[in-house]
Amino acid sequence: MRLESAVIMAGGKGTRLSPLKPVMEVCGKPMIQWVAELAMRYASQVYIATVKGHPAEEKLRKIHRVLYTSGLGYENDVVEAVSSVKLPALVLPSDVPFLDGDTIEILIRECNSSICTLLSQGKFVGVSLWRALDLEDYQSIDYPRKIVNVNTWNDLTEINKLC
């Protein structure tokens, strides 16, 4: 299924690692580039959501079109970003460089609601599919394998060992 849009969330403060987290290298390329390449397989348009003045803003602009959000928190920023793109839209965090197509296929196939979010081993990882903006029609989809988020220096070191 080809989606209208994909939004990659990259506006966080990066307090556990660095505000430059989205453009930090994993296996020789910026972390967000891994995510963008996956997004392009599923969406006609790919956007990067960030806040004005983000330390990585200039580098992010070179990867894809940037959407600006208010920076009031992940959930709020997702709603702002998704409200400004064509639906259906895939939402991906910039810090899951090894997310794979099988994971996205499961999300798309099993989504029967306006908004579906993926839970990796019962935990929220920021991956969701938005078919409509109906915040009351929500579904969680359990994914049995671990999706690795890069949030700390240790995570970055460990994921680079998988190259």
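Residues numbered from 1 in each chain as written. Predicted model: local features only at pLDDT ≥ 70, side-chain atom pairs only at ≥ 80, totals over all residues. Heavy atoms only, no water.

Turning our eyes to something else, we now look at the pairing of strand S8 (residues 123-130). Summarising burial for S8: 6 of the 8 residues are buried, a large majority. Taken together, the 3 bridges between strand S6 (residues 89-93) and S8 define a ladder with antiparallel strand orientation. Pairing of Leu 90 across the sheet is with Leu 129, part of S8. Relative to S8, strand S7 (residues 115-120) runs antiparallel, the two being bridged by 5 bridges. What sits directly across from Cys 116, in S8, is Leu 129. In textbook terms, the turn of a hairpin is the stretch between consecutive antiparallel strands, and for S7 and S8 this stretch comprises 2 residues, one of which, Gln 121, has a positive phi near 50 degrees. (Buried < 20%, exposed > 50% of the residue type's maximum accessible area, 1.4 Å probe, protein only. Helix = DSSP H or I, 4+ residues; strand = E, 2+ residues; numbered from the N terminus. Pairing = 2+ DSSP bridges.)

For the rest of this paragraph, the subject is unusual backbone geometry. Cis peptide bonds are those with omega within 30 degrees of zero, and the linkage from Leu 87 to Pro 88 qualifies with 5 degrees. Position of Pro 88 relative to the elements: it lies in the loop between helix H3 (74-83) and S6. Although it is not a glycine, Cys 27 adopts a positive phi angle of roughly 55 degrees. Among the secondary structure elements, Cys 27 is positioned in the loop between strand S2 (25-26) and strand S3 (29-30). With phi around 50 degrees, Gln 121 is a residue other than glycine that occupies positive phi space. By the secondary structure assignment, Gln 121 is in the loop between S7 and S8.

Before going further, it helps to spend a moment on the packing of aromatic side chains. This model, assessed by the stated rule, comprises 2 aromatic pairs. Taking 5.3 Å as the distance between ring centres and 90 degrees as the angle between the ring planes, the aromatic pair formed by Trp 34 and Phe 98 counts as edge-to-face. Taken together, the residues span a long stretch of sequence, with Trp 34 in helix H1 (residues 31-42) and Phe 98 in the loop between S6 and helix H4 (101-110) at a distance of 64 residues. According to the relative accessible area criterion, Phe 98 is partly exposed, its value standing at 33%. (Phe/Tyr/Trp six-rings, centres within 6.5 Å; stacked < 30°, edge-to-face > 60°.)

Summary statistics for the protein give a mean pLDDT of 91 and a share of 97% for residues scoring 70 or more. Put simply, helix H2 (residues 57-61) is where the protein has its lowest mean pLDDT, 83, and S6 is where it has its highest, 97. (pLDDT = per-residue confidence, 0-100.)

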